[in-house]
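Examination of the molecular architecture
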Amino acid sequence: MSQSAFTVGSSFAASSRAPFLVGSKNSTFFCPLNSQEQRQSVPVVFEIQATSASPNLAPEIKLQTIQSFQRSPSDTGSAEVQVALLSSRITYMTEHLKAHPKDFASRRGLYKMVASRKSQLRFLKNVDFDSYATLLKKLSLKPV
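Residues numbered from 1 in each chain as written. Predicted model: local features only at pLDDT ≥ 70, side-chain atom pairs only at ≥ 80, totals over all residues. Heavy atoms only, no water.

Quick look at the overall build of the protein now. Counting its regular elements, the protein contains five helices and two strands. From first element to last, N terminus to C terminus, the protein shows the α and β order β-β-α-α-α-α-α. Of all 144 residues assigned to the protein, the portion counted as buried reaches 28%. Here the contacts in the protein between residues at least 6 apart in sequence split such that 36% fall between residues at least 24 apart. By element, 55% of the accessible surface of the protein is carried by carbon and sulfur atoms, the whole surface being about 10,000 Å². (Helix = DSSP H or I, 4+ residues; strand = E, 2+ residues; numbered from the N terminus. Buried < 20%, exposed > 50% of the residue type's maximum accessible area, 1.4 Å probe, protein only. Contact = heavy atoms within 4.5 Å. Areas by Shrake-Rupley, 256 points an atom, 1.4 Å probe, with all protein chains shown as cover.)

Structure, rendered in structure tokens:
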């Protein structure tokens, strides 16, 4: 939990009383009030909602994606698998950004994932063109 303090009133800095944590599961702030009734009388003026777009896929989706694009049973890091995982994450982030259009940090992450996928595809195109063409068809992507 972060140690940033939100002041309630202007006397917080001059107060020698120990601050108490006040709030619910989603919003917590420090309050310099000593008694329980004083703390309950403080109105909650704002709520902090944690809406994080985790770029990590659910384990079952990740496993299914790896199994459908791997070259051999022990393959988890080939270019094809990496491109497929990036495509799944890009799809998830695109849906997240439709619901949260002002989430600029996630948008930046999406741009970085797209650039990484493009780089991986370019590498695959230069190394193994047949695999590259097959992957583009499977993922319904445009040629790089």
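In this section: helix α2 (residues 59-69). Taken together, the buried positions of α2 are occupied by Thr65, Ile66 and Phe69. An end-on view of α2 places all buried positions within 100 degrees of arc, on one side of the element. Opposite the packed face of α2, turned more than 90 degrees from it, sit the exposed residues Pro59, Glu60, Gln64 and Gln67. Tucked into the core, α2 has its buried residues touching α3 (79-99) and α5 (129-139). (Arc of directions from axis to C-beta.)

By the definition in use, this model includes one aromatic pair. Between the aromatic rings of phenylalanine 129 and tyrosine 132, the centroid separation amounts to 5.6 Å while the plane-to-plane angle is 45 degrees, which identifies the pairing as tilted. Of this pair, phenylalanine 129 and tyrosine 132 both sit in helix α5, three residues apart, which is roughly one turn of that helix. (Phe/Tyr/Trp six-rings, centres within 6.5 Å; stacked < 30°, edge-to-face > 60°.)

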